[in-house]
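Below are the chains, spelled out letter by letter.
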Amino acid sequence: MGVPQIEMRDVGLSYFSPKHETEALRDIRLEVKAGEFISIVGPSGCGKSTLLSLVSGMLKPTRGEVLLMGERVNGVSPRVGYMLQHDHLFEWRDVLSNLLVGAEVRRIDKKKAKEKALYLLERYGLGGFAHHSPSQLSGGMRQRVALVRTLVAEPDILLLDEPFSALDFQTRLTLADDVHHIIKEQGKTAILVTHDIPEAITMADRVLVMSKRPSTFSASYDIVFDEGPDLTPWRKREAGRFQEYFNGIWKELDAHVASAG
Amino acid sequence: MSLPPVDETKEPAAISGLPEAPSARPQSNEAPKSPAYRRYLKRQRRRTLFIQLSRLLLLAGLLALWEIAARLRWVDSMLTSKPSQIFSSFRELTVEGDLLKHTWTTGLEMLVGIALSMAAGTLIAILFWWSTYASKILEPYIVVLNALPKVALGPIFYIWLGDRYSIYGMAIAISIIVTIMMIESGFKELAKTKLKLMESFGATRLQMLKMVMLPASVPNFIATLKVNVGLTLVGVIMGEFLSSKAGLGYLIIYGGQVFQMNLVMVSVCMLALMSVVAYGVVNWIGNLLMKKYHYEG
Ligand SMILES: Nc1ncnc2c1ncn2[C@@H]1O[C@H](COP(=O)(O)OP(=O)(O)O)[C@@H](O)[C@H]1O
Ligand SMILES: [Mg+2]
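Residues numbered from 1 in each chain as written. Chains lettered and ligands numbered in written order. Predicted model: local features only at pLDDT ≥ 70, side-chain atom pairs only at ≥ 80, totals over all residues. Heavy atoms only, no water.

### Points about the domain arrangement of chain B
All names here are of chain B.
Line of reasoning, step 1. Domains assigned within chain B are domain 1 (34–72) and domain 2 (80–292).
Line of reasoning, step 2. Its C-alpha centre places domain 1 at a distance of 32 Å from the equivalent point of domain 2.
Line of reasoning, step 3. Taken together, the contact pairs five residues of domain 1 with seven residues of domain 2.
Line of reasoning, step 4. Taken over both partners, the interface formed by domain 1 and domain 2 buries close to 490 Å², and the fraction arising from carbon and sulfur atoms is 66%.
Line of reasoning, step 5. On the domain 1 side of the contact with domain 2, Trp66, Glu67 and Ala70 bury the most area, a combined 81% of that side's loss.
Line of reasoning, step 6. In this structure, the connection of domain 1 to domain 2 is made through three residue pairs in polar contact (both at pLDDT 80 or more). (Domains from an automatic or database assignment. Contact = heavy atoms within 4.5 Å. Buried area = accessible area lost by both parts, 1.4 Å probe. Polar contact = N/O pair within 3.5 Å; in protein donor to acceptor, adjacent residues only side chain to side chain.)

Structure, rendered in structure tokens:
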């Protein structure tokens, strides 16, 4: 078990356009063990989405290398499920066939995928909506459909890019509990990108803070609660060390935002 | 022992072990209409009726004015013809002459022209999306071809393709460039917004084409088809003007040359009628496709 599931070695990424160059990431070093859940917080535009795209294999690093299970990433891996910031539901397909897009692309057995999709829909309270069109769903429902679509493709590694940002507060907390439970239960490795500091603390085993561009990790917090490791995200908000973590991360972020302005 | 017949057409609703999704149909049990809503509906219906009636009246009024002006010699009916005369020569031409045959010829040419230029235009647009190189290399040529007055190519088509096929040459020349440009710009927009998800699953280009680009282009296809129909008809008539021995364009030119305004007017009316039918058919196909791909809102 020596090899980390995700490893980034001195990774840098610059966007090139004919007019200018944007250095988004610099000297990123990251190791994530199998089954670990990490959160990344940082000012907007610092390169969080870019980092996830690197892990997913959609982008190639300009410098350094990205490894999954010790192997260099070369193109999009079927082990990775990437839940994008925007839901990207296709309005010409109904909910169920939207859920099967990933399975279809990856040529996963249709019948099994469909069974799994229907089961997960039921579980997320979307049981009656399999044959609705996405335009008939609320923002929260669409987000849940997008999450289920990611899970149907059976990834080992989940990349979540601000997955709850479109939801109302209550749905957000419930869904966070649910997602946390599923990921922990199935032993999946996950990277969650978020703006929301409490969300980052309560979901993850480790929180990484990114500096402003060109970004790198400026601090790392191992999240350990005295109340035990099995608290739900909801309960963690009331746990003893929560406020301490919150203040620490807040200060760290505040320094970046202040120096940016 | 005989088993009861299995209804193959039925949807496989419940997968074993999983609870069946209640088929929720939002508008199935209609609420009773309130009086205010009923009044609103009535007003709307009356409005639509009024608009349609006004359209008919306008047409009738114009025809009447034309007829009266010709009869009272406000205008020279040798030059303007008149509705009653057009109608009687329409009857004559359909019964004794070949008006229907000519209309059929033009209609068929238009249909084939539309099919060919839509298919070729779509294929070329796909090629441009598939290969950025191809699109970059060919872009200036497309721009120049678009600006070139295609009528100028008439004699070339005539010499190369002969009197029948040069009409298709002209029809396609006039409509294909705009078709390519419209479909391609739709593709470009889609590529920016809709392909990210497919990329995240590691989809191939062919998968992206089949699962996203083509179905997502349906509204754009329909808009393109509408433009294409008009342009192809222009091309067909232009082709007939230049070279053909049949079709409505030929009749119009012929009628002009022998100074038979009736023949010209009848042919023009036929052409107008044909455009109306073509537009109706395209609209109908469009609605059908939109429904099939869930775009109805
Ligand atoms: N395709 C792109 N081309 C050029 N610059 C980009 C592109 N995508 C992102 N950027 C730039 O890279 C930086 C990081 O973007 P992103 O990863 O989306 O940030 P975040 O997700 O943290 O808000 C931003 O400054 C953004 O403007
Ligand atoms: Mg982002």
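Once you've had a look at it, read on.
### Regarding the pairing of strand 6 (residues 80–83) of chain A
Consecutive residues of a regular strand have side chains that alternate between opposite faces of the sheet.
Residue and element names in this part refer to chain A.
Line of reasoning, step 1. Neither face of strand 6 is open: one carries Val80 and Tyr82, the other Gly81 and Met83, and all of them are buried.
Line of reasoning, step 2. For strand 6 and strand 7 (residues 157–161), the ladder comprises four bridges, and the chain directions are parallel. Each residue of the ladder has a partner; that of Met83, found in strand 7, is Leu160. (Buried < 20%, exposed > 50% of the residue type's maximum accessible area, 1.4 Å probe, protein only. Helix = DSSP H or I, 4+ residues; strand = E, 2+ residues; numbered from the N terminus. Pairing = 2+ DSSP bridges.)

### Side note on the interface of chain B and chain A
Line of reasoning, step 1. Every contact between the two is made by 27 residues of chain B and, on the other side, 29 residues of chain A.
Line of reasoning, step 2. Roughly 2700 Å² is buried in total at the junction of chain B and chain A, and carbon and sulfur atoms are behind 68% of that figure.
Line of reasoning, step 3. The tally of links from chain B across to chain A stands at one salt bridge.
Line of reasoning, step 4. Glu91(A) is paired through a salt bridge with Lys194(B); the nearest N and O atoms lie 3.3 Å apart.
Line of reasoning, step 5. Inspection of the region where chain B meets chain A yields six residue pairs in polar contact (both at pLDDT 80 or more).
Line of reasoning, step 6. Listing elements by their share of the side of chain B that touches chain A, those giving two or more residues are helix 7 (196–200) and helix 8 (205–216) of chain B. (Salt bridge = Lys/Arg side-chain N within 4 Å of Asp/Glu carboxyl O.)

### Digging into the sheet that holds strand 4 (residues 63–68) of chain A
All names here are of chain A.
Line of reasoning, step 1. Read from one edge to the other, the open sheet built from four strands follows the order 2-1-4-5, with strand pairing classed as antiparallel. Because the sheet does not close on itself, it has two edges, and the strands there are strand 2 (21–32) and strand 5 (71–72).
Line of reasoning, step 2. Bridge count between strand 1 (residues 6–16) and strand 4: five bridges; the pairing is antiparallel. Its bridge partner being in strand 4, Ile6 is matched across the sheet by Leu68.
Line of reasoning, step 3. In the packing of helix 1 (residues 48–56) onto the sheet, the strands contacted are strand 1, strand 2 and strand 4, and the crossing angle to strand 1 comes to about 120°. (Axes fitted to C-alpha atoms, helices over the stretch in contact; angles between N-to-C directions.)

### Some thoughts on the UniProt feature "domain: ABC transporter" (unreviewed entry) in chain A
Line of reasoning, step 1. Per the UniProt record, "domain: ABC transporter" (unreviewed entry) is annotated on residues 6–237 of chain A.
Line of reasoning, step 2. Annotated as residues 6–237 of chain A, this span is 32% helix and 27% strand, and its ends, taken at the C-alpha atoms, are 28 Å apart. (UniProt positions renumbered as here; feature names shortened; annotations may be inferred.)

### Focus: the domain arrangement of chain A
Residue and element names in this part refer to chain A.
Line of reasoning, step 1. Parsing chain A into structural domains produces domain 1 (1–79 + 156–166 + 185–261) and domain 2 (88–154).
Line of reasoning, step 2. Averaged C-alpha coordinates put domain 1 and domain 2 at centres separated by 26 Å.
Line of reasoning, step 3. Contacts between domain 1 and domain 2 engage 10 residues on the former and seven residues on the latter.
Line of reasoning, step 4. The largest share of the area that domain 1 buries against domain 2 comes from Pro78, Leu158 and Ala166, three residues that together contribute 46% of it.
Line of reasoning, step 5. The interface formed by domain 1 and domain 2 includes zero salt bridges.
Line of reasoning, step 6. Inspection of the region where domain 1 meets domain 2 yields three residue pairs in polar contact (both at pLDDT 80 or more).
Line of reasoning, step 7. Taken together, the residues of the side of domain 1 that touches domain 2 break down into six nonpolar, one polar and three charged. (Nonpolar A, V, L, I, M, F, W, Y, C, P; charged D, E, K, R; others polar.)

### Examining the UniProt feature "domain: ABC transmembrane type-1" (unreviewed entry) in chain B
Line of reasoning, step 1. Taking the UniProt record as the reference, the feature "domain: ABC transmembrane type-1" (unreviewed entry) is found at residues 103–282 of chain B.
Line of reasoning, step 2. With 88% helix and 0% strand, residues 103–282 of chain B has end C-alpha atoms that lie 19 Å from one another.

### Observations concerning the packing of aromatic side chains
Here the distance between the centres and the angle between the planes together describe a pair of aromatic rings.
Line of reasoning, step 1. The final tally for this structure, using the stated rule, is seven aromatic pairs over all chains.
Line of reasoning, step 2. Note on Tyr165(B) and Tyr168(B): the rings are 6.2 Å apart at their centroids and 40° apart in plane angle, and the pair reads as tilted. Of this pair, Tyr165(B) and Tyr168(B) both sit in helix 6 (residues 154–193), three residues apart, which is roughly one turn of that helix.
Line of reasoning, step 3. Through a chain of ring-to-ring contacts, the aromatic side chains of Phe242(A), Phe246(A) and Trp250(A) assemble into a single cluster.
Line of reasoning, step 4. It is Arg164(B) that lies over the ring of Tyr165(B); its NZ or CZ is 5.4 Å from the centre.
Line of reasoning, step 5. For the cation-ring pair, Arg205(B) lies above Trp129(B), with the distance from its terminal atom to the ring centre recorded as 4.6 Å. (Phe/Tyr/Trp six-rings, centres within 6.5 Å; stacked < 30°, edge-to-face > 60°. Lys NZ or Arg CZ within 6 Å of the ring centre and 35° of its normal.)

### Considering a nonpolar patch on the surface
Residue and element names in this part refer to chain B.
Line of reasoning, step 1. A contiguous nonpolar surface patch, about 720 Å² in accessible area, is contributed by Leu58, Leu62, Leu65, Ile68, Leu72, Trp74 and Val75.
Line of reasoning, step 2. Position of Leu58 relative to the elements: it lies in helix 1 (residues 35–71).
Line of reasoning, step 3. Using a relative accessible area of 58% as the deciding quantity, one classes Leu58 as exposed. (Patch = residues over 30% accessible without salt bridge, like charges linked within 9 Å, V, L, I, M, F, W, Y side chains within 5 Å. Areas by Shrake-Rupley, 256 points an atom, 1.4 Å probe, with all protein chains shown as cover.)

### Digging into the sheet that holds strand 9 (residues 206–210) of chain A
All names here are of chain A.
Line of reasoning, step 1. Ordered by their spatial adjacency, six strands build an open sheet running 6-7-8-3-9-10, and the pairing between neighbours is mixed. What marks the edges here is a single partner per strand, and that holds for strand 6 and strand 10 (217–222). Sheet twist, expressed as the mean angle between neighbouring strand axes with direction ignored, is 15°.
Line of reasoning, step 2. Pairing geometry for strand 7 and strand 8 (residues 189–194), over five bridges, is parallel.

### Observations regarding the pairing of strand 1 of chain A
Residues and elements named next belong to chain A.
Line of reasoning, step 1. Across eight bridges, strand 1 lies against strand 2 in antiparallel orientation. Note that in strand 2 the partner of Phe16 across the bridge is Glu21.
Line of reasoning, step 2. The loop that links strand 1 with its antiparallel partner strand 2 comprises four residues.

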